[in-house]
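# Breakdown of the fold
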Amino acid sequence: MSKKPVRVAVTGAAGQIGYALLFRIASGEMLGKDQPVILQLLEIPDEKAQKALKGVMMELDDCAFPLLAGMEAHGDAMTAFKDTDYALLVGARPRGPGMERKDLLAANAQIFTAQGKALDKVASRNVKVLVVGNPANTNAYIAMKSAPSLPRENFTAMLRLDHNRAASQIAAKTGKPVSSIEKLAVWGNHSPTMYADYRFATIDGKSVKEMINDDVWNKDTFLPTVGKRGAAIIEARGLSSAASAANAAIDHMRDWALGTNGKWVTMGIPSNGEYGIPKDVMFGYPVTTENGKYKIVEGLPIDAFSQERINLTLKELQEEQDGVKHLL
Ligand SMILES: NC(=O)C1=CN([C@@H]2O[C@H](COP(=O)(O)OP(=O)(O)OC[C@H]3O[C@@H](n4cnc5c(N)ncnc54)[C@H](O)[C@@H]3O)[C@@H](O)[C@H]2O)C=CC1
Ligand SMILES: O=C([O-])CC(=O)C(=O)O
C-alpha cells in the first residue's frame, strides 16, 4: 500500500538553494523513493519573488515526479507551515564578499522570530525543522525560542555542509574514497570557528589521525580550509554555495528521518549540557539517528587542543546569542 503524503515546507523557495533543493525533495532523495510529498513553498510576498516561485513550480510540474502529491505557493508563514511535518528554513539574505555570517544576524534574525512563532502555532507537533539561513545556529536558536510549545529537539541547524567538506578534504589527503570515512565530527558553529575533528575517524577500521599523522596539516591546512570554504566559494563563484548546501540539507533531513544505522553524522542541535556546552546553545555535535530521533555520541575524550577550539566556537555562539536577546 502506498504511504500517506507528508508535508514539507521550504522557505526561500525561489532562491538559489531552493532551486537546487526542491527537485531532489520531489524526486524522493530526502525522504525515500516510496514517500509522497506535498511541497508548501514560502517566498516573500513580493510580486517578483512570487512570480519566480511560480516559474520554479512550473518546472517541478514539468518533471512529472511520481512522488509529488501536491504543491502550494505561499507569501505568509502562517499558511506555509500549516500542519507541516518538515520545515527547511532556507530563506534569508546570503553574505557577499568580505562579510562573516554573523554580519547577517541583524538582517536575518527577525525572519526566524516570525517563522518560529508561525511554526509554534500551525505546524505538526512533530515537525522536524532544519535552519539553513545564516547565521544558521543562532537563527535556529531564535526559531526554537520563538516556538515554546514545540519540543526543543525539533529544531536543528545545518552543520552538514562542514561535515561533508571535512570528509572530502580527508578523502583527498588519504587517497581513500569519501564513503569509507566513519566517525567524523564537527563541533560548534557553522562559521570559521567550527572544529572539524578527525581524532576518532576511521577508514576501513584504521585511525585517520594515525594515517595522516600531521598535526601541522590539521591546524594550518585542514581546519582553515574547511572553516573558510564558504568564503572561498563566494570568491570563486561570486555567489555563496548553493548546490552543495542543498545537498547537505538533503543529507541532514534524510539521516534524521530515516536513520544512520549507527554511522556518525554532524547536526547542530540544542545542547542539554553535553561536553560542557550550556543548555540550549545550538551546537554542532556528532550524532547517530534512529526512528526519527538523534542521539549525541557521548563520552569522547577532549584533549587540550580540542577543548581550546570548542571554547572558541562556543564563545562566538554565546556572543551571537547575546546579540539577539532583545528579540526573544
Ligand atoms: N548553513 C549553511 O551551511 C549554508 C547556509 N546558507 C545560507 O542560506 C541562505 C539562502 O541562501 P541562497 O538560497 O543562496 O540565497 P538567495 O538570495 O538566492 O535566496 C534566498 C531566498 O529567500 C527569500 N526570502 C528572504 N526572506 C524570506 C522570508 N522571510 N521568507 C521566505 N523567503 C524569504 C528571498 O526572496 C530569496 O528568494 C543564506 O542565508 C545563506 O547564507 C548558504 C549556504 C550554506
Ligand atoms: O559561506 C556562506 O556565506 C554560505 C555558507 O554558509 C557556506 O557556504 O558555508
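Residues numbered from 1 in each chain as written. Chains lettered and ligands numbered in written order. Predicted model: local features only at pLDDT ≥ 70, side-chain atom pairs only at ≥ 80, totals over all residues. Heavy atoms only, no water.

## Focus: the side chain of N154
Its place among the elements puts N154 in the loop between α5 (136-145) and β6 (155-157). Under the relative-accessibility criterion, N154 is labelled buried at 8%. A distance of 3.0 Å separates a polar side-chain atom of N154 from the backbone oxygen of V127. When near neighbours in sequence (up to four residues on either side) are disregarded, N154 contacts R125, N126, V127, K128, V129 and W256. (Helix = DSSP H or I, 4+ residues; strand = E, 2+ residues; numbered from the N terminus. Buried < 20%, exposed > 50% of the residue type's maximum accessible area, 1.4 Å probe, protein only. Polar contact = N/O pair within 3.5 Å; in protein donor to acceptor, adjacent residues only side chain to side chain. Contact = heavy atoms within 4.5 Å.)

## Structural notes on the packing of helix α1 (residues 16-26) against helix α2 (residues 47-63)
Taken N-terminus to C-terminus, the directions of α1 and α2 make an angle of 30 degrees; their axes are 11 Å apart at the nearest point. In terms of axis orientation, α1 runs roughly parallel to α2. With respect to the hand of their crossing, α1 and α2 are arranged in right-handed fashion. Between α1 and α2, the residues in contact are Y19, L22, F23 and A26 and V56, E59, L60 and C63, respectively. In the contact of α1 with α2, the residues fall into seven nonpolar, no polar and one charged. (Axes fitted to C-alpha atoms, helices over the stretch in contact; angles between N-to-C directions. Parallel < 35°, antiparallel > 145°, perpendicular 65-115°, else oblique. Left-handed = near helix turned anticlockwise from the far one by under 90°. Nonpolar A, V, L, I, M, F, W, Y, C, P; charged D, E, K, R; others polar.)

## Describing the site of ligand 1
Neighbouring residues of ligand 1: 25 residues in total, closest Q16, E43, R93, V132 and N134. Between ligand 1 and the protein, one listed contact pairs an oxygen atom with a backbone N or O atom of R93 at 3.0 Å. The separation between a nitrogen atom of ligand 1 and a polar side-chain atom of Q115 is 3.3 Å. For ligand 1, whose free accessible area comes to 870 Å², the fraction covered by protein is 86%. Those elements giving two or more residues to the shell around ligand 1 turn out to be α1 and α4 (105-122). Classifying every residue of the shell around ligand 1 by side-chain character gives 13 nonpolar, 10 polar and two charged. (Near = heavy atom within 4 Å. Areas by Shrake-Rupley, 256 points an atom, 1.4 Å probe, with all protein chains shown as cover.)

## Considerations on the UniProt feature "domain: Lactate/malate dehydrogenase N-terminal" (unreviewed entry) in the chain
Following the UniProt record, the feature "domain: Lactate/malate dehydrogenase N-terminal" (unreviewed entry) maps to residues 6-155 here. With 40% helix and 19% strand, residues 6-155 has end C-alpha atoms that lie 18 Å from one another. (UniProt positions renumbered as here; feature names shortened; annotations may be inferred.)

## Looking at the packing of aromatic side chains
The tally for this structure, following the rule as stated, stands at 11 aromatic pairs. With 4.9 Å between their ring centres and 70 degrees between their planes, W187 and Y275 make a pair best called edge-to-face. Placement of the pair is W187 in strand β8 (residues 185-187) and Y275 in the loop between β12 (265-270) and β13 (282-290), with a sequence separation of 88 residues. Arranged with centres 6.2 Å apart and planes meeting at 50 degrees, the rings of F200 and W264 form a pair that is tilted. (Phe/Tyr/Trp six-rings, centres within 6.5 Å; stacked < 30°, edge-to-face > 60°.)

## Comments concerning the sheet that holds strand β11 (residues 206-207)
Strand order in the open sheet formed by three strands is β7-β10-β11, with antiparallel pairing between adjacent strands. With one partner strand each, in any of the chains shown, β7 (181-182) and β11 form the two edges of the open sheet. (Pairing = 2+ DSSP bridges.)

## A word on the pattern of salt bridges
Summed over the entire model, instances satisfying the criterion amount to 18 salt bridges. For the salt bridge of R199 with D197, the shortest nitrogen-to-oxygen distance reads 2.9 Å. On the basis of relative accessibility, which here comes to 0%, the residue D197 falls in the buried class. The partner of D215 in a salt bridge is K209, with the nearest N and O atoms 3.5 Å apart. (Salt bridge = Lys/Arg side-chain N within 4 Å of Asp/Glu carboxyl O.)

## Observations regarding the packing of α5 against helix α11 (residues 304-323)
Close contact between α5 and α11 brings their axes to 10 Å; oriented N to C, the two are set at 45 degrees. The angle between the axes of α5 and α11 places the two elements in the oblique class. The handedness of the crossing between α5 and α11 comes out as right-handed. The segment α5 lies against α11, with N137, T138 and Y141 engaging L317, E320 and Q321. By residue class, the composition of the contact of α5 with α11 is two nonpolar, three polar and one charged.

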